[in-house]
Amino acid sequence: MLEKTYSPKDIEARIAAAWEAAEAFRAGRPDRAGADPYCIVIPPPNVTGSLHMGHALNNTLQDVLCRYWRLNGRDVLWQPGTDHAGIATQLVVSRQLAEKQIQMRDLGREKFLEKVWEWKAESGGTIVNQLKRLGASCDWSRERFTMDEGLSKAVIKVFVDLHKAGLIYRDKRLVNWDPEFQSAISDLEVDSLEVKGNLWHFKYPLKDDPTQFITVATTRPETMLGDTAVAVHPEDERYKHLIGKMVVLPLVGREIPIVGDTYSDPEKGSGAVKITPAHDFNDFEVGKRHNLELINIFDASAVVNENAPEAYRGLPRFEARKKVVADLEALGLVDKIEPHTHMVPHAQRGGAVVEPWLTEQWYVDAATLAKPALEAVRKGETRFVPERFAGDYFRWLENIQPWCISRQLWWGHQIPAWYAEDGTIFVAASEAEAQAQADAQFGRAGVPLTRDPDVLDTWFSSGLWPFSTLGWPDETPELKRFYPTATLVTGFDIIFFWVARMMMLGLQFMGEKPFSDVVIHGLVRDDKGRKMSKTLGNVVDPLGLIDEFGADALRFALVAQASQGSDVKFARSRVEGYRNFATKLWNAARFAEMNECRRVADFDPKAVKTTLAKWIVGETAKAVAETGAAIEAYKYNDAAGAAYRFVWNIFCDWFLEFAKPIFTGTDEAAKAEVRAATAWTLDQILKLLHPFMPFITEELWTVTGEAGPARAGVLALADWPKLDGLIDAEAEAEIGWLVDAISAIRSVRAEMNVAPATQVPLVLIAPSDKTLATSERYGDLLNRLARLSGVASGAEAPAGSVQLVVRGETLALPMAGLIDVAAERTRLAKALKEAEGDIARCDGKLNNANFMARAAEDVIAEQHEKRAEAVERKASIETAMQRLTALG
């Protein structure tokens, strides 16, 4: 017996326990031994993380696919796990220690790593438990961690093999350097923040004529101490004659050349650019083209080192900035200082200003690995959905740079490289193997070796995720069965950082693509289209929404807006709306229960005889087909929309209303059949909605299973409906005409502002025999649902009627005396003026070049949405005015 009120908090934990007890999500179940495999690997969340809206969207979309294919009989493996998150985890643990007045460096590496593992054991499972609350149907028995023993074994093998193949090497290049954390960091770990600073214009004197100057501009004056050239555009008439000449670098005295390079933009600033190859990524490339010296003026803490003049040594970079500017002003070499707002890179963790820094690191030859990864997508072996994101993939891989994989951290996979005293490097899977290599090379035993202290970039281990989680490098049954995986669902922001690297490493080590489809989704933004951030105060906590509205409501709200590749504009009201949808489903099930709609053994939907039963059976088949096709095409919002329309509109609003007279009638045969059809349809609805709303559907499946034939097991392992050949054209024509007629009459009543209590007569104009018979058969329904005073037929429409056409039949609604035509015309005229005003205001902004240039994307999108709504409103008002005109 169903409770009167649906309460998510009372069922969700119990349902999750039932799934676990049934091992519903376990891959390789004996009953699916002969089934086709379907595998998704979860984008591993950081072990330090808590569930945010991005996680909620990403994992709900994956879960929809896994639950759908599980219902379709596949052997589904949704591989879960977490990422060790090198920088984030080290930062969390070091801060916790600092609160106890313990410094990480004082503790030492081994003791610190013990503390990290202790923290992981206590707190590392937080996000996994939160994903379970969301309803994620992963095979939790197979949970992996990027630092567990098996994955570490894979990481070491890949490093050693790539090094042996010449695809991993050491090199001295510029990296993103976090001077506070004292480590190289990836581009994804850098946030570019808008900063109000200055643009300093300095004058560099020519060597041949110190009275002549070339002026350069910079936002980082301190770096001029490392300048090794000035660049001008080779076609810039102002400077062509100076190319090849030398300037004397102020404060330093170093003579540096003026070079011609297209990097210099004649339209920007003075057209001359200072070149500091050791401290700017663009300058580094200019330096390579012109064989310029690289002078590193900072140490690892961004303090000026011995390569700068003595007066600046030992100064932190921003103090050095002030002294450089003051000293140049004293020499009269500051041309001008302009306020300047620009983007400055900051470390995502810790917030330090990132310094491009020249240092020796380990690199992967990404250009070589990228070639087969590009080819696999070009050939269609792996496809992007939507296809436009393949363009981003191609653009990044076609211009790929060497991949810096070393990090100056303690937490992570320590690089398997050992150094002899003379600097010779030995790369091996173990210290014993490295020792054997060293002893053999030097011809003596016990050659002293020191292990490289650095660890690998987190993306290196996560790049192996599709095959390392399945047991590679061991040849496991899971690897044979589930690789390559079927689908990857991820955000567009990590196509390069993660997707491309999985493609490169999967093809290199497995010999084939890691996945067939890469499904890209957008960001979850607020209801104004803004990115969620603590600064804006618009961050939404998904767990709070689950507590208030239930996991199903949150999931459906996300899926219903997940248009392929587009951002989700999220509003709390939508979750509330889909909680109401869950309540509607619950109440429909209660209504069916109260009207004795029980499942009947061997119910055959093809054998039903009543028109209403035939109609709902056919509509169910259409909804199942439409929803399934949309899920398989990754059109999540279309799938959710099809399921929602069927349940709310077709089943609840129409079918159950049409069934009420039968339930209370005297035709026992019809009553029994419609009851059975109702119970059968409700079963199909539970399967249809299960991928989106797993908790409420599983609960209803359990409770409704208490009456009628016993259930075979949990809904999560049931069969997706196979409903071919159930559409009855005659039933659809009959019931469909009723639905359309009632809908059209309701629409006219609303447009004409007819009071809800006012009953209106309906006249069928020269109706066909079939329509006349339908109207007579369902006269009471028409009167009740369309608020009619009666249904008649006639050769022509009465005077003062509004006419409408429904499926080729003309209907007339006599309105004379029912509405005040003059007052209604005035109301509509006012509404029309408001709609036109709204359109004009939107057009005024959208046609304003200044507005379009300065407004954020979300503001422009909002204007387009407002305009579209106003245009639709205007059209509706004009239709109502036309109807009024017909009344005279």
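Here the structure is shown first, and the text comes after it.
Before going into details, it helps to say that this report is about the structure given with it. Only a predicted model underlies this, so the values are computations on that prediction, with no experimental measurement involved.

## Considerations on the overall build of the chain
A count of helical and extended segments in the chain gives 29 helices and 29 strands. Dimensions of the chain, computed from the C-alpha atoms along their principal axes, are close to 105 × 70 × 55 Å. A separation of at least 24 residues holds for 77% of the contacts in the chain among residues at least 6 apart in sequence. For the chain, the accessible surface area stands at approximately 38,900 Å², while carbon and sulfur atoms represent 49% of it. Where the 103 positive side-chain charges of the chain centre and where its 124 negative ones centre are 3 Å apart.

## Looking at helix α9 (residues 317–330)
Within an α-helix, residues lying three or four positions from one another point in the same direction, as the helix has 3.6 residues per turn. The terminal C-alpha atoms of α9, which comprises 14 residues, lie 20 Å apart, in line with the 20 Å expected from a rise of 1.5 Å per residue. Of all the residues in α9, the buried ones are R317, A320, R321, V324, V325, D327 and L328. End-on view of α9: buried residues confined to an arc of 165°, all on one side of the axis. Residues of α9 that are exposed and angled more than 90 degrees away from the buried face: K322 and A330. Of the surrounding secondary structure, the elements contacted by the buried residues of α9 are β7 (190–205), β13 (334–347) and β14 (355–364). G332 lies just past α9 and shows a positive phi near 70°.

## A few points about the sheet that holds strand β28 (residues 801–806)
The sheet built from four strands is open, its strands ordered β27-β26-β29-β28 with mixed pairing. The sheet terminates laterally at β27 (788–794) and β28, the two strands that pair on one side only. In this sheet, adjacent strand axes meet at a mean angle of 25° when their direction is disregarded. Relative to strand β29 (residues 809–814), β28 runs antiparallel, the two being bridged by six bridges.

## Digging into the pattern of salt bridges
For the coordinates displayed, the defined rule picks out 51 salt bridges. The partner of R378 in a salt bridge is E398, with the nearest N and O atoms 2.8 Å apart. A residue pair is termed long-range when its members are at least 10 positions apart, and R378 in helix α10 (residues 366–378) and E398 in helix α11 (residues 389–398) qualify at 20 residues. Classification of E398 by relative accessible area gives partly exposed; the value is 47%. Notably, a salt bridge pairs E657 with R784, separated by 2.9 Å at the nearest N-O pair. Remark: R784 occurs in helix α26 (residues 779–786) and E657 occurs in helix α21 (residues 636–663); sequence separation between them is 127 residues. We classify R784 as partly exposed; its relative accessible area is 42%. Taken together, the salt bridges that share partners define one network made up of D838, R841, E869 and R873.

## Quick notes on the side chain of Q90
Position of Q90 relative to the elements: it lies in helix α3 (residues 86–99). Among the residues examined, Q90 registers a relative accessible area of 2% and is labelled buried. From its side chain, Q90 meets the backbone nitrogen of W411 in a polar contact 3.0 Å long.

## What about the packing of aromatic side chains?
Tallied over the entire structure, the rule returns 38 aromatic pairs. With 5.5 Å between their ring centres and 55° between their planes, W19 and F25 make a pair best called tilted. A single burial state applies to W19 and to F25, both of which are buried. One aromatic cluster is present, formed by F556, Y578, F581, Y644, W648 and F692 through successive ring pairs. Its guanidinium or amino end placed over the ring of W19, R67 lies 4.4 Å from that ring's centre, counting from NZ or CZ.

## Points about the sheet that holds strand β16 (residues 403–404)
With antiparallel pairing, four strands are arranged side by side in an open sheet as β6-β5-β14-β16. In the strand order of this sheet, the two ends are held by β6 (183–185) and β16, each with one partner. Sheet topology places strand β5 (residues 168–178) next to β6; three bridges connect them, and they run antiparallel. If you follow N176 over to β6, its bridge partner there is I185.

## Side note on the packing of helix α19 (residues 572–594) against helix α22 (residues 668–689)
Two elements in contact, α19 and α22, have axes whose closest approach is 10 Å; the angle formed by their N-to-C orientations is 155°. As the angle between them shows, α19 and α22 are arranged roughly antiparallel. Where α19 crosses over α22, the handedness of that crossing is left-handed. On α22, the residues that touch F581, L585, A589 and A592 of α19 are T678, L682, I685 and L689. Among the residues forming the contact of α19 with α22, the class breakdown is seven nonpolar, one polar and no charged.

## Details of a negative patch on the surface
A contiguous patch of negative charge, built from E110, E114, E118 and E122, is present on the exposed surface. Tracing the sequence through the fold places E114 in helix α5 (residues 109–123).

## Observations concerning the nonpolar core
Counting residues in each nonpolar core, the largest one holds 210 residues, and the members touching the most others are F460, F570 and F692. No other element matches α21, which puts 15 residues into this core. In contact with F460, other than residues within four places in its own chain, are V155, V158, F159, L162, I168, V364, W403, I405 and L505.

## As for the environment of A35
Tracing the chain through its elements places A35 in the loop between α1 (8–21) and β1 (37–41). Since its relative accessible area comes to 16%, A35 is described here as buried. Linking A35 and N72, residues 37 residues apart in sequence, is a C-alpha distance of 9.8 Å. Contact partners of A35, with chain neighbours within four places excluded, come to G73, R74, D75 and R481.

## Here's the deal with the packing of α22 against helix α23 (residues 694–704)
Running from N to C, α22 and α23 point in directions that differ by 155°, and their axes come no closer than 9 Å. The orientation of α22 with respect to α23, classified from their angle, is roughly antiparallel. Classified by chirality, the crossing of α23 by α22 is left-handed. Of the residues in α23, those touching α22 at L682, D683, L686, K687 and L689 are T697, L700, W701 and T704.

## A closer look at the pairing of β14
Taken across its ten residues, β14 has nine buried, putting it largely inside the fold. Pairing between β5 and β14: ten bridges, direction antiparallel. Residue pairing in the sheet places I168 in a bridge with V364 of β14. Looking at chain direction, β14 and β16 are connected through two bridges and run antiparallel. Residue pairing across strands places V364 opposite W403, the latter belonging to β16.

## Re the pairing of β7
Side chains on a regular strand alternate between the two faces of the sheet. Across 13 bridges, the pairing between β7 and β13 is antiparallel. Bridge assignment links F202 to a residue of β13, and that residue is V334. Summarising the sheet, β7 and strand β8 (residues 213–218) pair through six bridges and their orientation is antiparallel. Opposite P205, over in β8, you have F213 as the bridge partner.

## A look at the environment of C404
By secondary structure assignment, the location of C404 is in strand β16. The residues touching C404, leaving out its near neighbours within four places in the chain, are V175, A184, Q361, W362, Y363 and D457.

## Some points on the environment of K203
Note that K203 resides in strand β7. Setting aside its immediate chain neighbours within four residues, K203 contacts F213, I214, T215, P250, G332, L333 and D335. Reaching out from K203, the side chain makes a polar contact with the backbone oxygen of G332 at a distance of 3.5 Å.

## A look at unusual backbone geometry
Here the residue pair W472 and P473 is connected by a cis peptide bond, since its omega of 15° sits within 30 degrees of zero. Inspection of the secondary structure puts P473 in the loop between α14 (465–468) and α15 (477–482). Omega for the peptide link from Y483 to P484 comes to 0°, which places this bond in the cis form. Even without being a glycine, R807 presents a positive backbone phi close to 50°.

## So, helix α7 (residues 149–164)
Taking 1.5 Å per residue as the helical rise, α7 with its 16 residues ought to reach 22 Å, and the 23 Å between its terminal C-alpha atoms agrees with that figure. All of the buried residues along α7 are L151, S152, A154, V155, I156, V158, F159, V160 and L162. A positive backbone phi angle near 80° is found at G166, which sits one or two residues after α7.

What counts and what doesn't
Counting starts from 1 at the beginning of each chain's written sequence and moves along it residue by residue. The predicted origin of the model limits local features to residues at a pLDDT of at least 70 and limits the giving and counting of side-chain atom pairs to 80 or more, whereas totals for whole chains, interfaces and linings rest on all residues. As a rule here, side-chain values come from all non-hydrogen atoms in the structure, and water together with hydrogens is ignored. Think of it this way: any DSSP run of H or I at least four residues long counts as a helix, any run of E at least two long counts as a strand, and we number them from the N terminus. Throughout, a contact is declared for two residues whenever any of their heavy atoms are within 4.5 Å. Computed by Shrake-Rupley with a 1.4 Å probe, the accessible areas treat only the displayed protein chains as cover when residues are assessed. Positive charges come from Lys and Arg alone, negative charges from Asp and Glu alone, with His and the N- and C-terminal ends not counted. In plain terms, the charge of a residue is placed at NZ if it is Lys, CZ if Arg, CG if Asp and CD if Glu. Expected span of a helix, by definition, is 1.5 Å for each gap between consecutive residues, and there is one gap fewer than residues. Accessible area is worked out with a 1.4 Å probe on protein chains only. A residue is then buried under 20% of its type maximum, exposed over 50%, and partly exposed in between. As used here, the arc is the angular range of directions from the helix axis to the C-beta atoms. Any two strands between which DSSP finds at least two bridges are classified as paired. In this analysis an axis means a line fitted to C-alpha atoms, helices contributing only their contacting stretch, and an angle means the value between N-to-C directions, from 0 to 180 degrees. Note on definitions: salt bridges are taken to be side-chain nitrogens of Lys or Arg within 4 Å of carboxyl oxygens of Asp or Glu. N or O atoms closer than or at 3.5 Å make up a polar contact, with two conditions inside protein: a donor-capable atom paired with an acceptor-capable one, and, for residues adjacent in sequence, both atoms drawn from side chains. Think of it this way: a Phe, Tyr or Trp ring, Trp meaning its six-membered ring, pairs with another when their centres are within 6.5 Å, and the plane angle makes it stacked under 30 degrees, edge-to-face over 60, tilted otherwise. Counting as a charge over the ring demands two things of the Lys NZ or Arg CZ atom: a distance within 6 Å of the ring centre and an angle within 35 degrees of the ring normal. Working definition: roughly parallel below 35 degrees, roughly antiparallel above 145 degrees, roughly perpendicular at 65 to 115 degrees, and oblique for all remaining angles. Take the far helix as your reference; a near helix turned counterclockwise from it by less than a right angle gives a left-handed crossing, and one turned clockwise gives a right-handed crossing. Any residue that is not Ala, Val, Leu, Ile, Met, Phe, Trp, Tyr, Cys, Pro, Asp, Glu, Lys or Arg is counted as polar, Gly included; the first ten are nonpolar and the last four charged. The residues that make up patches have over 30% relative accessible area and no salt bridge, and they are joined within 9 Å when like-charged or within 5 Å when they are Val, Leu, Ile, Met, Phe, Trp or Tyr. Note on terminology: a nonpolar core comprises buried Ala, Val, Leu, Ile, Met, Phe, Trp, Tyr and Cys residues joined through side-chain atoms within 4.5 Å.

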